[in-house]
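Structural description and commentary
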Amino acid sequence: MSTIADNIGLVSQRIRAAADAVQRDASSIHLLAVSKTKPALAVREAYAAGMRDFGENYLQEALGKQAELTDLPLSWHFIGPIQSNKTRAIAENFAWVHSVDRLKIAQRLSEQRPANLPPLNICIQVNVSGEASKSGCTPADLPALANAISALPRLKLRGLMAIPEPTEDRAAQDAAFATVRELQARLNLPLDTLSMGMSHDLESAIAQGATWVRIGTALFGARDYGQP
């Protein structure tokens, strides 16, 4: 039975191999451990194996884990859909938000980010595959949204996030991630982050410029949604 530390090692090897394949510096690609539905004990185990950045989708679950792990110097990333009534707690308790898809949410995060904390790092989620079930702004709405968010105080717009429609077709993966990269390049803003790629498609995401890969299952095993 592999441990979380073993899995982190295997995923890190995948990241290095994917970077080497396209002549990228592997140190420019960051591993975000997606710990949703996993207990605080699993986060501790990942921390002991070198992980510092953890992604959560569900606010109440994340806040519970944060309360249990205050002794560890962790960086928390919110990566799930955001409801308006959750923005204050997100602004107060996270270093990154990868899933902003409308201006109202960004404005609330800006207003509610405590002045004693660094600016909140923001990625705009783009619905690059046009799936009705997925969050994210449309590519057409992206330029206006990015320009508006980049002007807000207490926020730092870092780049884009995407969750393309799942496929095992490498060419389709590449095309989706390339679209995200091209959308960001056309914004003409000082952005440095592409949050894209998960356990099944991180190689393709890295080939197309990902700087954060969000990995859950390959690190922690299958999720149990009955035990949030």
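Everything numeric in this text was worked out from a predicted model, so none of it was measured. (Residues numbered from 1 in each chain as written. Predicted model: local features only at pLDDT ≥ 70, side-chain atom pairs only at ≥ 80, totals over all residues. Heavy atoms only, no water.)

This brings us to the overall build of the chain. Along its length, the chain carries 9 helices and 8 strands. Its C-alpha radius of gyration of 17 Å places the chain within 12% of the 17 Å reference for a compact globule of 228 residues. Across the 228 residues that make up the chain, the buried fraction comes to 50%. Counted over contacts in the chain with a minimum sequence separation of 6, partners at least 24 positions apart contribute 60%. Entry remark: accessible area of the chain is about 10400 Å², with carbon and sulfur atoms responsible for 51%. Taken together, the 23 basic and 23 acidic charged side chains of the chain have centroids lying 6 Å from each other. (Helix = DSSP H or I, 4+ residues; strand = E, 2+ residues; numbered from the N terminus. Rg over C-alpha atoms; globule rule 2.2 N^0.38 Å. Buried < 20%, exposed > 50% of the residue type's maximum accessible area, 1.4 Å probe, protein only. Contact = heavy atoms within 4.5 Å. Areas by Shrake-Rupley, 256 points an atom, 1.4 Å probe, with all protein chains shown as cover. Lys, Arg positive; Asp, Glu negative; His and termini not counted. Charge placed at Lys NZ, Arg CZ, Asp CG, Glu CD.)

Working definition: an aromatic ring pair is given by the centre-to-centre distance plus the angle between the planes. Applying the stated criterion across every chain, the model contains 3 aromatic pairs. Ring plane angle 45° and centroid distance 6.0 Å describe the contact between F54 and W76, whose orientation is recorded as tilted. Of the two residues, F54 is situated in strand 2 (residues 53-56) and W76 in strand 3 (residues 75-78); the sequence distance between them amounts to 22 residues. You'll find F54 and W76 in the same group, each marked buried. Seen from their ring centres, W96 and W212 are 5.6 Å apart, and the 70° between their planes marks the pair as edge-to-face. Taken as a pair, W96 in strand 4 (residues 96-100) and W212 in strand 8 (residues 212-215) lie far apart in primary sequence, 116 residues in all. Side by side, W96 and W212 carry an identical accessibility label, which is buried. (Phe/Tyr/Trp six-rings, centres within 6.5 Å; stacked < 30°, edge-to-face > 60°.)

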